[in-house]
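These are the residues of each chain, in order.
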Amino acid sequence: MSQETLELVQGTKGMELPLAQGNWVLLREEGYSPVQSLVAATGACGAYVYQSVLENSKIPYTFHKVTINYERDMEHAPNPISSISMTFHVTIEEDLQDRATRALRLVSKHCPVIQSLNPTITIEELVDFI
């Protein structure tokens, strides 16, 4: 087991995560909400894992961005996340794109953020070759 500690402080505009270059406010009106932060963390983790899988598979790539769409269950308070879809935008040679697509199946399995989410949340990984 590995334990780490984060500390949030009450700032003038909401809960803040202290950073060396200024605090990150976790309030939708001032930056990103806690839910948006969770979705962003899921996308970042998925992107890092996908890049690692491509590298380990010896698939040359240029990673451009990840687009993350998410839905919330508006019928059940407190409106939890019901699905997250990540699209990785990459440049990969055409003859390697099938292998790169198959590599997507490893993302959820090896992403600690996704593994920490409620299993009722549907996760989808897609790739857009550009």
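The protein chain has the name OsmC family peroxiredoxin in an unreviewed UniProt entry, where Vagococcus xieshaowenii is given as its organism.

Q: Is there a simple way to explain unusual backbone geometry in this structure?
A: Glycine aside, residues mostly have negative phi, and peptide bonds are mostly found in the trans state. The omega angle of the peptide bond from alanine 77 to proline 78 is 10°, so this bond is cis rather than trans. Relative to the elements of secondary structure, proline 78 occurs in the loop between strand S4 (62-72) and strand S5 (81-91).

Q: Mind showing me how you'd approach the state of the cysteines here?
A: Throughout this description, disulfide means a covalent bond between two cysteine sulfur atoms. Counting across every chain of the model gives one disulfide. Residue pairing for cysteine 45: its cysteine sulfur links by disulfide to cysteine 111, the two sulfurs lying 2.4 Å apart. One end of the pair, cysteine 45, is in helix H1 (residues 34-56); the other, cysteine 111, is in the loop between helix H3 (107-110) and helix H4 (112-116), and 66 residues separate them in sequence. The class for cysteine 111 is buried, based on a relative accessible area of 0%.

Q: How should the sheet that holds strand S2 (residues 15-17) be read in this particular structure?
A: Sheet strands line up and pair through hydrogen bonds in the backbone, either parallel or antiparallel. Judged by pairing direction, the sheet is antiparallel, and its three strands sit side by side in the order S1-S2-S3 without closing on themselves. With partners counted over all chains shown, the strands left at the sheet margins are strand S1 (9-10) and strand S3 (24-25), one partner each. Pairing of S1 with S2, which is carried by two bridges, proceeds in the antiparallel orientation. Within the sheet, the bridge partner assigned to glutamine 10 lies in S2 and is methionine 15.

Q: Can you help me understand the environment of leucine 126 in this one?
A: Tracing the backbone through its elements, the reader meets leucine 126 in strand S6 (residues 122-129). Distance in space between the C-alpha atoms of leucine 126 and leucine 8 is 33 Å, their sequence separation being 118 residues.

Q: What exactly am I supposed to notice about the packing of aromatic side chains here?
A: What describes a pair of aromatic rings is the distance from one ring centre to the other and the angle between the planes of the rings. Across all of its chains, the model carries two aromatic pairs by this definition. On the numbers, 5.0 Å between centres and 20° between planes, the contact of tyrosine 50 with phenylalanine 88 is stacked. With tyrosine 50 in helix H1 and phenylalanine 88 in strand S5, the pair connects residues that are 38 residues apart, well separated along the chain. Residue tyrosine 50 shares its accessibility class with phenylalanine 88, and that shared class is buried. Ring plane angle 50° and centroid distance 6.2 Å describe the contact between phenylalanine 63 and phenylalanine 88, whose orientation is recorded as tilted. Linking phenylalanine 63 in strand S4 with phenylalanine 88 in strand S5, this pair joins segments that are 25 residues apart in sequence. An aromatic cluster is present here, built from Tyr50, Phe63 and Phe88 joined pairwise through their rings.

The rules behind these values
- Residues numbered from 1 in each chain as written.
- Predicted model: local features only at pLDDT ≥ 70, side-chain atom pairs only at ≥ 80, totals over all residues.
- Heavy atoms only, no water.
- Helix = DSSP H or I, 4+ residues; strand = E, 2+ residues; numbered from the N terminus.
- Disulfide = S-S within 2.5 Å.
- Buried < 20%, exposed > 50% of the residue type's maximum accessible area, 1.4 Å probe, protein only.
- Pairing = 2+ DSSP bridges.
- Phe/Tyr/Trp six-rings, centres within 6.5 Å; stacked < 30°, edge-to-face > 60°.

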